[in-house]
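Reading the structure
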Amino acid sequence: MLQRLPALVAALWWGSLTTIGFLVVPLLFAHLPSPAIAGTMAAKLFAAQTWVAVVCCIVLLLVSRPKHALAQYPWAQAAMVFILGGMLLALLSQFGVAPRIVARQDLRLWHSVGSVMYLLQWGCALVVLWSTLRPGATNTPVEASETP
């Protein structure tokens, strides 16, 4: 069961980003009575998504190597920069970009920046998921001197 945990957590991260960003939020703007109402609800969903991403990334970091080992699992060596990058993108979007969008400050610019950051985070989550699904990705840790 624990061998599958990284793939499950990565799938949750990627799947939640996909569902919120590419399905739920567009449906809000298509079906709610006004863009202002849809935007308010979208902001709340993106805030919740940020915390899903942060928790998923922290769990992935915690399970990236066996207990009492210095070496990481092969999936973790391949994915570490994407885990950290995805978590950073989520936090920067939430605390740097989202407040400017909510305040309607240069809306076109900040919405574009937020969209690009969301797509980059989605890509990070996809790379992490893909890394966890490689054959043999969770079996044995890679020694510090080895290269993947």
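Below is a short write-up of the structure. (Residues numbered from 1 in each chain as written. Predicted model: local features only at pLDDT ≥ 70, side-chain atom pairs only at ≥ 80, totals over all residues. Heavy atoms only, no water.)

Next up on the list: the layout of surface pockets. In this structure, the largest pocket encloses a volume near 840 Å³. Lining of the largest pocket is provided by 29 residues; of these, Ala 42, Ala 43, Phe 46, Ile 101 and His 111 occupy positions nearest its centre. The set of elements that each furnish at least two residues to the lining of the largest pocket consists of α1 (5-31), α2 (35-62), α3 (74-102) and α4 (107-133). Considering each element in turn, the lining of the largest pocket owes the most residues, 10 residues, to α2. Of the residues that constitute the lining of the largest pocket, the class distribution is 17 nonpolar, 11 polar and one charged. Empty space within the second largest pocket amounts to approximately 230 Å³. Around the second largest pocket sit 12 residues that line it, and Leu 2, Val 63, Arg 65, Pro 66 and Tyr 73 are the ones nearest its centre. Here the lining of the second largest pocket is built from residues that sort into eight nonpolar, two polar and two charged. (1 Å grid on protein atoms, 1.4 Å probe; cavity = no way out; pocket = protein on both sides within 12 Å on 5 of 7 lines; lining within 4 Å. Points joined across faces, edges and corners; volume = space filled by probe spheres on them. Helix = DSSP H or I, 4+ residues; strand = E, 2+ residues; numbered from the N terminus. Nonpolar A, V, L, I, M, F, W, Y, C, P; charged D, E, K, R; others polar.)

Our next topic: unusual backbone geometry. Keep in mind that most residues, glycine aside, have a negative phi and that most peptide bonds are trans. Within the chain, His 68 stands out as a residue other than glycine whose phi angle is a positive 65 degrees. Mapped onto the secondary structure, His 68 falls in the loop between α2 and α3. Using a relative accessible area of 87% as the deciding quantity, one classes His 68 as exposed. If you check the backbone angles, Asp 106 has positive phi at about 45 degrees while not being a glycine. Within the element layout of this structure, Asp 106 appears in the loop between α3 and α4. Owing to a relative accessible area of 47%, Asp 106 belongs among the partly exposed residues under this scheme. (Buried < 20%, exposed > 50% of the residue type's maximum accessible area, 1.4 Å probe, protein only.)

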